[in-house]
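Okay, here's what each chain looks like letter by letter:
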Amino acid sequence: MSLKQSTIGEIVSDNYHAAGVFREYGIDFCCGGDKLLSDVCESKGIPFEEVTNKLKSAPWVNRTSGDNYNDWSPDFLVDYIINTHHTFVRKKTDEVAGYAAKVAKVHGESHPENVEIFKKFISLSNELMEHLNEEESRVFPLIKKVYDKRKNGQQPDEIEVSELKAELDQMVDEHEVAGSLMGEIRSLSNGFTPPQDACATYRILYQNLAGFEEDLHKHVHLENNILFKKMERLIAA
């Protein structure tokens, strides 16, 4: 793979360990996955060779380990995303919101950014919960239906193809909204770095927000850059 001619999403799809390199440079590999690495480096003023050298030295996913997401079928990816990432979001949102509410109440006067962090996280939670329900009730069943037809040598009808294209576009747009909210939380929290006077709850909140962001980035990457791309190629074939 030529890194100069590759998109961010393609690079991470080929080797998920590249995500760590992009995270280090603040490069969006999930919602911004369609952008060329060379263009992103130029726009951010990051030396292209410096980034590519780190990418080349990053460990590679073991192709026999079962963790090569790009090799997974669409139906398997759907089940994995629901069981792993959707479950994580549903489990963690109330917990993180509780920490955020407490920190905003106790430290909001001396550190007012935490009031905004709480508000942004509630907005993000509401956005994600509605999004997960849409995927599980409409989008993922349609993906499985179209994939099963193609797998069995059948052609999905025009209505199914049209509906799937529209659903995928909508999901990508909703990912942008969620990613933007998460980015605002990262900025408000100074990259999830608590101040020197932070109490234990304050530090736990920021640790949880960092973990929430990491899961969200992988979640969106698996959908935008792998699952949805597979389906776009499948209905175009």
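Let me begin by describing the structure that accompanies this report.

Basis of the calculations
- Residues numbered from 1 in each chain as written.
- Predicted model: local features only at pLDDT ≥ 70, side-chain atom pairs only at ≥ 80, totals over all residues.
- Heavy atoms only, no water.
- Helix = DSSP H or I, 4+ residues; strand = E, 2+ residues; numbered from the N terminus.
- Expected span 1.5 Å × (residues − 1).
- Buried < 20%, exposed > 50% of the residue type's maximum accessible area, 1.4 Å probe, protein only.
- Contact = heavy atoms within 4.5 Å.
- Polar contact = N/O pair within 3.5 Å; in protein donor to acceptor, adjacent residues only side chain to side chain.
- Core = buried A, V, L, I, M, F, W, Y, C linked by side-chain atoms within 4.5 Å.
- Axes fitted to C-alpha atoms, helices over the stretch in contact; angles between N-to-C directions.
- Parallel < 35°, antiparallel > 145°, perpendicular 65-115°, else oblique.
- Left-handed = near helix turned anticlockwise from the far one by under 90°.
- Nonpolar A, V, L, I, M, F, W, Y, C, P; charged D, E, K, R; others polar.
- Arc of directions from axis to C-beta.
- Phe/Tyr/Trp six-rings, centres within 6.5 Å; stacked < 30°, edge-to-face > 60°.
- Patch = residues over 30% accessible without salt bridge, like charges linked within 9 Å, V, L, I, M, F, W, Y side chains within 5 Å.
- Areas by Shrake-Rupley, 256 points an atom, 1.4 Å probe, with all protein chains shown as cover.
- Salt bridge = Lys/Arg side-chain N within 4 Å of Asp/Glu carboxyl O.
- Lys, Arg positive; Asp, Glu negative; His and termini not counted.
- Charge placed at Lys NZ, Arg CZ, Asp CG, Glu CD.

What follows deals with helix H7 (residues 158-188). For H7, built from 31 residues, the straight-helix expectation of 45 Å at 1.5 Å per residue is met to within 8% by its first-to-last C-alpha distance of 46 Å. The complete set of buried residues in H7 reads Glu160, Val161, Leu164, Glu167, Leu168, Met171, Glu174, His175, Ala178, Leu181, Met182 and Ile185. Here the buried face of H7 lies against helix H6 (113-151) and helix H8 (200-236). Backbone nitrogen of isoleucine 159 and a side-chain oxygen of the N-cap are separated by 3.1 Å at the start of H7; the cap is aspartate 157. Immediately beyond the C-terminal end of H7, within one or two residues, lies asparagine 190, with a positive phi of roughly 55 degrees.

Within the largest apolar cluster, 40 residues are counted, with the highest numbers of intra-cluster contacts made by Phe22, Leu37, Val51, Leu55 and Ile143. When contributions to this core are tallied by element, the ones reaching two or more residues are helix H1 (8-14), helix H2 (18-24), helix H3 (37-44), helix H4 (48-57), helix H5 (74-107), H6, H7 and H8. If sequence neighbours within four positions are ignored, valine 51 has contacts with Val21, Phe22, Tyr25, Leu37, Cys41 and Ile46. Counting 25 residues, the second-largest nonpolar core is a separate cluster that includes Ala97, Leu124, Ile185 and Ala198.

This next bit is on the packing of H6 against H7. Between H6 and H7, whose axes approach to 9 Å, the crossing angle comes to 160 degrees. Comparing their axes, H7 and H6 come out roughly antiparallel. Note on packing geometry: the crossing formed by H6 with H7 is left-handed. Classifying every residue of the contact of H6 with H7 by side-chain character gives 17 nonpolar, 4 polar and 14 charged.

Turning to H3, a few remarks are in order. Structural remark: α-helix, 3.6 residues per turn; residues separated by three or four positions point the same way. For H3, the set of buried residues is Leu37, Ser38, Val40 and Cys41. Each buried residue of H3 sits inside an arc of 165 degrees when the element is viewed along its axis, so together they form one side. Residues Glu42 and Ser43 are exposed on H3 and point more than 90 degrees away from its buried face. In the core, the buried residues of H3 are packed alongside H1, H2 and H4. Phi for glycine 45, located one or two positions after H3, is positive at around 70 degrees.

This part takes up the packing of aromatic side chains. All chains considered together, the criterion is met by 7 aromatic pairs. Judged by centre distance (4.9 Å) and plane angle (80 degrees), the rings of tyrosine 69 and tryptophan 72 are edge-to-face. Each member of the pair, tyrosine 69 together with tryptophan 72, is buried. Note on tryptophan 72 and tyrosine 80: the rings are 4.9 Å apart at their centroids and 75 degrees apart in plane angle, and the pair reads as edge-to-face. By way of ring pairs, the aromatic residues Tyr69, Trp72, Phe76 and Tyr80 are connected into one cluster.

Let us now look at a negative patch on the surface. Taken together, the side chains of Asp28, Asp169, Asp173, Glu176 and Glu232 make up a negatively charged region of the molecular surface. Sort the elements by how many residues they give to the negative patch and H7 lands first, with 3 residues. Mapped onto the elements of the fold, aspartate 28 is located in the loop between H2 and H3. Given a relative accessible area of 37%, aspartate 28 falls into the partly exposed group.

For the rest of this paragraph, the subject is the pattern of salt bridges. Under the defined criterion, the tally for this structure stands at 13 salt bridges. For aspartate 148, the salt bridge goes to lysine 151, with nearest N and O atoms at 3.8 Å. Here lysine 151 and aspartate 148 lie together in helix H6, a separation of 3 residues that amounts to about one turn. For lysine 151, a relative accessible area of 49% translates into the label partly exposed. Connected through salt bridges with shared partners, the residues Asp75, Asp148 and Lys151 form a single ionic network.

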